[in-house]
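Coordinate analysis (summary)
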Amino acid sequence: MMASLTNPAIWDEIEKSESYLVCCMFEEAITLSSSVVQRLCKADYSEAIQDTELVDMLESAGMVYVQSLKELGRTSEILNELSILFGSVTSIPVQVLLTGSCFLISDESISDLPELLKDFLGKWRLVDDEGQRYVLANAENSNGAYLKGLDGCCVLEIEKYLEVAEVYAVTLLGKVLNDTDHAIAWVEQAELHEGNRQDLLRRLRSLYSLKATKSSQDVETPMYEIHTDSGQDTISGVEQASSVTSKVSHSLNGRNSVDKESILKLSKRVEPCFWWFRTVTLKFGDARLVISHGKIVLWGSFVLFIFYVLRKKQASLKGIVSKQASSVKKALMDMWQLAFSVQVNPLAAVQSLPPTSR
């Protein structure tokens, strides 16, 4: 009974916080979304709501919270704020954690990100009974951010665990921080199935060999050769120096492209979550109108619904209109007949009155 009373109200507050985000009212969105998460993390709320709906509520409110922090220019505070809001690193929903990591990588604020992701991955233990899944390695409470198994332990799908592991090992350590050795060492000791482990190791080793090839190309040619025998030798040394400089510049551009490619790949993973909040700007002279994709979809759906209702009720509407038209026509006819039905004697003005009898 309690869930039936509270669930609609909670969803209404989540939708209201999303509306604040769309309308660029980021402070209000942070306040309302954090209030929802704090109430959902309490025992009396979490026990009254089903696991699947509770997970969706926490994820939706967390996404509004993270995006609002980014829009306010507080990207560097995302990790600390999420840990405080959810209570522990394992209480943060995976989609919220990946979105915050993407924001931090794009903003180059990754000082604490490797340690947090490593801590998150280390909290889960791989089990193989009843299918592939991860459960919390200890009795730490996740505050309803994950589904519960039959044994009461919090369960994490293996695909979501691999997404976080890929971001940590391949994207963050391998591509952004250029620490491939550390990434390979972690993958070899991590809680992974052998097939998934070999796949990550193959990607890291190919990345390592690519970087080794580029570094060898950078150092195999000297920067310049000094020749004092002739001016032509000196010119050739300058040409070699310029060619090597171009190679170094090309190598640096290649590294930057790898980093950008990894960030774009990670951004595509969470891009569908932001489509609803993107805006379209319309200019009418000096006036500007900003409309979000969500509002366009809602108003378009409303217009199509009205059009559908009009087409569906076309016959009845025609009957109503024709009936009203006939009523108006009949009323006009009655008024016309009433106005010209009075008998008037045209000689009344010239006839004399009859004499009065005494």
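To be clear, the structure that these remarks concern was listed above.
Residues numbered from 1 in each chain as written. Predicted model: local features only at pLDDT ≥ 70, side-chain atom pairs only at ≥ 80, totals over all residues. Heavy atoms only, no water.

1. Notes on the overall build of the protein
Rules: Counting from the N terminus, the helices are DSSP H or I runs at least four residues long and the strands are E runs at least two residues long. Using a 1.4 Å probe, accessible areas were evaluated by the Shrake-Rupley method; residue-level cover was limited to the displayed protein chains.
Broken down by element type, the protein carries 13 helices and six strands. Put simply, the protein shows about 22300 Å² of open surface, and 57% of that area lies on carbon and sulfur atoms.

2. Some remarks on the pattern of salt bridges
Using the following cut-off: In the sections that follow, a salt bridge refers to a side-chain nitrogen of Lys or Arg positioned within 4 Å of a carboxyl oxygen of Asp or Glu.
Scanning the model with the defined rule gives eight salt bridges in all. Of the charged contacts, one joins Arg 74 and Glu 77 as a salt bridge, the two residues approaching to 3.0 Å between their closest N and O atoms. Connected through shared salt-bridge partners, Arg 74, Glu 77 and Glu 81 make up one network.

3. Things to note about the pairing of strand β2 (residues 133–136)
Counted only if it meets this: Accessibility here uses a 1.4 Å probe with only protein chains present; expressed as a share of the type maximum, an area under 20% marks a residue as buried, one over 50% as exposed, and anything in between as partly exposed. In this scheme, strands are said to pair when DSSP sees at least two bridges between them.
Neither face of β2 is left uncovered, since the one carrying Arg 133 and Val 135 and the one carrying Tyr 134 and Leu 136 both have all their residues buried. Across four bridges, the pairing between strand β1 (residues 124–127) and β2 is antiparallel. Within β2, the position partnered with Val 127 by the bridge is Arg 133. Pairing between β2 and strand β4 (residues 154–157): three bridges, direction antiparallel. Looking at the pairing, Arg 133 lines up with Glu 157 of β4.

4. Some details on helix α6 (residues 94–106)
In an α-helix, one turn spans 3.6 residues; hence positions three or four apart end up facing the same way. Defined as follows: Here a helix's expected span is defined as the number of its residues, less one, multiplied by 1.5 Å.
With 13 residues, α6 extends 18 Å between its outermost C-alpha atoms, agreeing within 8% with the 18 Å of an ideal straight helix rising 1.5 Å per residue. For α6, the buried fraction is high: 12 of the 13 residues fall into the buried class. Taken together, the buried positions of α6 are Val 94, Gln 95, Val 96, Leu 97, Leu 98, Thr 99, Gly 100, Ser 101, Cys 102, Phe 103, Leu 104 and Ile 105. Following α6 by one or two positions, Glu 108 has its phi on the positive side, about 60 degrees.

5. Notes on the packing of aromatic side chains
Applied cut-off: Stacked, tilted and edge-to-face pairs are distinguished by plane angle, under 30 degrees for stacked and over 60 for edge-to-face with tilted covering the rest, among Phe, Tyr and Trp rings (Trp via its six-membered ring) whose centres lie within 6.5 Å. When the NZ atom of lysine or the CZ atom of arginine is within 6 Å of a ring's centre and also within 35 degrees of its normal, the charge is said to sit over that ring.
Taken as a whole and judged by the stated rule, the model has three aromatic pairs. The residue whose ring lies beneath Lys 70 is Phe 103, and the NZ or CZ to ring-centre distance is 5.4 Å.

6. Looking at helix α7 (residues 113–122)
Convention followed: Picture the helix axis, draw a direction to every C-beta atom, and the arc is the one those directions span. In what follows, a contact means two residues having at least one pair of non-hydrogen atoms within 4.5 Å.
Along α7, the residues that are buried comprise Leu 113, Pro 114, Leu 116, Leu 117, Phe 120 and Leu 121. End-on view of α7: buried residues confined to an arc of 165 degrees, all on one side of the axis. Residues of α7 that are exposed and point over 90 degrees away from its buried face: Glu 115 and Gly 122. Among the structural elements, α5 (78–86), α6, β1, β4, α8 (158–176) and α9 (180–189) are those in contact with the buried residues of α7.

7. Considering the nonpolar core
Quick note on the threshold: Here, the term nonpolar core denotes a set of buried Ala, Val, Leu, Ile, Met, Phe, Trp, Tyr and Cys residues that are joined through side-chain atoms within 4.5 Å.
If you look at the biggest cluster of nonpolar residues, it comprises 61 residues, and the most contacted ones within it are Leu 117, Phe 120 and Trp 124. Considering each element in turn, this core owes the most residues, 10 residues, to α8. What Trp 124 contacts, discounting residues up to four positions off in sequence, is Tyr 134, Val 135, Leu 136, Ala 137, Tyr 146, Cys 154, Val 155, Leu 156, Tyr 161 and Glu 191.

8. A look at the packing of helix α4 (residues 51–71) against α5
Counted only if it meets this: Interaxial angles span 0 to 180 degrees and are taken between N-to-C directions of axes, which are lines fitted to C-alpha atoms, for helices over the stretch in contact. Just so you know how the angles are binned, under 35 degrees is roughly parallel, over 145 roughly antiparallel, 65 to 115 roughly perpendicular, and the rest oblique. By convention the crossing between two helices is left-handed if the near helix lies anticlockwise of the far one by an angle smaller than a right angle, and right-handed if it lies clockwise. In this count, Pro and Cys sit with the nonpolar residues alongside Ala, Val, Leu, Ile, Met, Phe, Trp and Tyr, while Asp, Glu, Lys and Arg are called charged and the others, Gly among them, polar.
At a closest axis distance of 11 Å, the pairing of α4 and α5 adopts a crossing angle of 150 degrees. The pairing of α4 with α5 is recorded here as roughly antiparallel in orientation. Crossing angle aside, the handedness with which α4 passes α5 is right-handed. Taking contact as the criterion, the partners of Leu 58, Gly 62, Tyr 65, Val 66 and Leu 69 in α4 are, on α5, Ile 78, Glu 81, Leu 82, Leu 85 and Phe 86. Looking at the contact of α4 with α5 residue by residue, the classes come out as eight nonpolar, one polar and one charged.

9. Considering a nonpolar patch on the surface
What counts here: Patch criteria: residues need more than 30% relative accessible area and no salt bridge. Like-charged residues are merged within 9 Å; nonpolar side chains of Val, Leu, Ile, Met, Phe, Trp and Tyr are merged within 5 Å.
On the surface, Trp 299, Phe 302, Val 303, Phe 305, Ile 306, Tyr 308, Val 309, Leu 310, Leu 317 and Ile 320 cluster together to form a nonpolar patch covering roughly 1000 Å² of accessible area. Secondary structure elements with two or more residues in the nonpolar patch: α12 (293–312) and α13 (314–340). Sorting elements by how many residues they give to the nonpolar patch places α12 first, with eight residues. Examined against the element boundaries, Leu 310 turns out to sit in helix α12.

10. Description of unusual backbone geometry
With a phi close to 60 degrees, Glu 108 is a non-glycine residue in the positive phi region. Tracing the backbone shows Glu 108 in the loop between α6 and α7. Its identity as a non-glycine residue notwithstanding, Asn 178 has a phi of 55 degrees, on the positive side. If you trace the backbone, Asn 178 turns up in the loop between α8 and α9. Judged by its relative accessible area of 46%, Asn 178 is partly exposed.

11. Structural notes on the packing of α4 against α6
One way to put it is that α4 packs onto α6 with a least axis distance of 9 Å and a crossing angle of 10 degrees. In terms of orientation, α4 lies roughly parallel with respect to α6. As α4 packs across α6, the resulting crossing turns out to be right-handed. Residues Glu 59, Gly 62, Met 63, Val 66, Gln 67 and Lys 70 of α4 touch α6, and the partners they reach there are Gln 95, Val 96, Thr 99, Gly 100 and Phe 103. Considered class by class, the residues forming the contact of α4 with α6 number four nonpolar, five polar and two charged.

12. Side note on the environment of Val 36
Within the element layout of this structure, Val 36 appears in helix α2 (residues 26–40). Along the sequence, Val 36 and Gly 62 sit 26 residues apart, while their C-alpha atoms lie 9.2 Å from each other.

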